[in-house]
Amino acid sequence: MSRLPHRRLLLPALTAAVALSPAALATPARAAGAQPIDATVEYQCAEQLDDIAASQQRAILQLKASVSATTSHGERVRLTDASATLRLLAPGTPSTTTLVGSFDRLLVDATGVDDFGPNTFSGFMLNPGKGSVASTPYTDGGFGPATLPIQDEYDPTPRRTSGAAPVVLTPGLLAFKYQLLPAPSAPGEPQVIPLPSQQRYCRPVPGQASIATIPNLADAPPPPSVTSVSPTSGPVRGGNTVTLKGAGFSTPGTPIVTFDSNPFQGLDVRVIDDQTLTFKMPFSYGEGPTRIEVELADRTTASWPSPGVEYEFVGGFPQPMVTAVSPSSGRPGDVLTLTGNDVDFITSVQFGAWPASPVDTVVVSESEIKVTVPAGTGTVSMMLSGPVSGGSFASGLGSFTYLAPLPPLPTITRVAPTSVRAGFPALGFITGTRLTSVRAIQVGTKRVPPLLVASSSTALFVAPALPAGTYPVRLVTKDGRLTPSDPTRTITYR
């Protein structure tokens, strides 16, 4: 069975053990609460990881964040509200130089005790999404500090079912790219060329303090436990309601249902009581077993889920049978309706050489899907494809004819008069473009035929009798299209 990507990021440890300084420890965590982090970390940086020990270049990082409390049922810690500033020390650089750069990643390692003893779990990753660092001038032997556009993400930490040792957070790898920009050339002098961009990988200078120590909380809520699932199997197309039995479901927020540790959204999870929970099964891309688990909604204080229950996707993938396609001709952007049996298993519709985008194929039901026509020309063959048990299918679906593009809509450049007597018809005229294609003039919701189309740019009409008010004037083409409403093209009845 194909699964959603795992949403936790586990990265290899990239930092050596560091000394623990009690003065640098953050305030002890409270039950289900968070504690602040305000740490200054000095890094040693080089172009390559192997060269860091011999390098003299330094970077100073000021990290601020909140760190959530752990539980006694297995830690799950998360950094939130994170922000950071970075200063690069580069002695000997010309004082007229400025620095610009981008921030790649910052790792914070969590060291704790799991069921197998002491271990280090890297992966508190503060990811700025490749955000740019603002240009900073050279002062006091370095550049910065520059604010880093931090977005806090990910929370893998020691998994433990026993013990009460604290979790210690230590600084990990820092990586960034920067470029030095010399001062602009004076008039008449040769142009100064900026230096190439430089990549830097940084490790914490040995002997620094940890960022924070988080004690274990004995009174944190236990994780939900799942003891049974009903039914124990169902169709691969999903959509059926499943009931879980267990304990601990009545927690603040809606519990999270996971499949083989992957959380899914849009399952219509409903908590009946502390021991009962229902949800809608998702679509599966294959037959076979999956393990269902439940996590707490507040994942900043939740523990790892307890062992779940097994559910079997069965029935395979029937080959869809399309009985009707409507319409059989149209233009790019039109929507076709495909009806038949098991058409919700169609994953691709090809119009000759032009495939419809997956987001343009909308499942209405097991017997109906909507497909937006992609760009194309002429008469083309339609092809369907999708999964079936043991592989995939591809079958023809007749032909589709692309109609000639519609001519441009007419336009209104002026309407006169713009004010008439309420309750009476009035003679009016319109100037614009392509008015010979007009079948009717619409004032508000009333349509009247043109009295005279003198040319493609001038037409006379009789405005209908309407109550007091301001009404938009629009044009109806001979092929039934309606021009957009324009607030500057109106008639006011007084």
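None of these values were measured; they are calculated from a predicted model. (Residues numbered from 1 in each chain as written. Predicted model: local features only at pLDDT ≥ 70, side-chain atom pairs only at ≥ 80, totals over all residues. Heavy atoms only, no water.)

### Some words on the packing of aromatic side chains
Here is step 1: Applying the stated rule across the entire model yields six aromatic pairs.
Here is step 2: Aromatic side chains tyrosine 311 and phenylalanine 313 sit 5.4 Å apart centroid to centroid with 80 degrees between the ring planes, which places their arrangement in the edge-to-face category.
Here is step 3: Residue tyrosine 311 is classed as buried on the basis of its relative accessible area, which comes to 0%.
Here is step 4: For phenylalanine 313, a relative accessible area of 1% corresponds to the buried category.
Here is step 5: When the centroid spacing of 6.0 Å and the interplanar angle of 75 degrees are considered together, the rings of tryptophan 354 and tyrosine 402 count as edge-to-face. (Phe/Tyr/Trp six-rings, centres within 6.5 Å; stacked < 30°, edge-to-face > 60°. Buried < 20%, exposed > 50% of the residue type's maximum accessible area, 1.4 Å probe, protein only.)

### Side note on the state of the cysteines
Here is step 1: Here the structure, examined in full by the defined rule, presents one disulfide.
Here is step 2: In this model cysteine 45 forms its disulfide with cysteine 202; the gap between the sulfur atoms is 2.2 Å. Here cysteine 45 and cysteine 202 share a disulfide; its torsion about the S-S bond, 110 degrees, makes the bridge right-handed. Residue cysteine 45 is found in strand 1 (residues 34-46), and its partner cysteine 202 is found in strand 10 (residues 198-204); the two are separated by 157 residues along the sequence.
Here is step 3: Note on cysteine 202: relative accessible area 0%, which makes it buried. (Disulfide = S-S within 2.5 Å. Helix = DSSP H or I, 4+ residues; strand = E, 2+ residues; numbered from the N terminus.)

### As for the pattern of salt bridges
Here is step 1: The tally for this structure, following the rule as stated, stands at five salt bridges.
Here is step 2: The partner of aspartate 268 in a salt bridge is arginine 270, with the nearest N and O atoms 3.1 Å apart.
Here is step 3: One salt bridge in this structure joins glutamate 368 and lysine 370, with 3.3 Å as the shortest N-O distance.
Here is step 4: With relative accessibility at 22%, the residue glutamate 368 sits in the partly exposed group. (Salt bridge = Lys/Arg side-chain N within 4 Å of Asp/Glu carboxyl O.)

### Here's the deal with unusual backbone geometry
Here is step 1: Omega for the peptide link from serine 326 to proline 327 comes to -10 degrees, which places this bond in the cis form.
Here is step 2: By secondary structure assignment, the location of proline 327 is in the loop between strand 21 (321-326) and strand 22 (329-330).
Here is step 3: Omega for the bond connecting alanine 416 with proline 417 falls within 30 degrees of zero, at -5 degrees, which places this linkage in the cis form.
Here is step 4: In this structure, proline 417 sits in the loop between strand 30 (411-416) and strand 31 (419-420).

### Remarks on the sheet that holds strand 33 (residues 438-443)
Here is step 1: An order of 31-38-37-33-34 is seen for the five strands of this open sheet, with the pairing classed as mixed. Each edge of the sheet is formed by a strand with only one pairing partner; in this case those strands are strand 31 and strand 34 (446-448).
Here is step 2: Pairing of strand 33 with strand 37 (residues 469-477) involves five bridges; the strand directions are antiparallel. Paired with glutamine 442 across the bridge in strand 37 is arginine 474. (Pairing = 2+ DSSP bridges.)

None of the figures reported here should be taken as evidence of function without further support.
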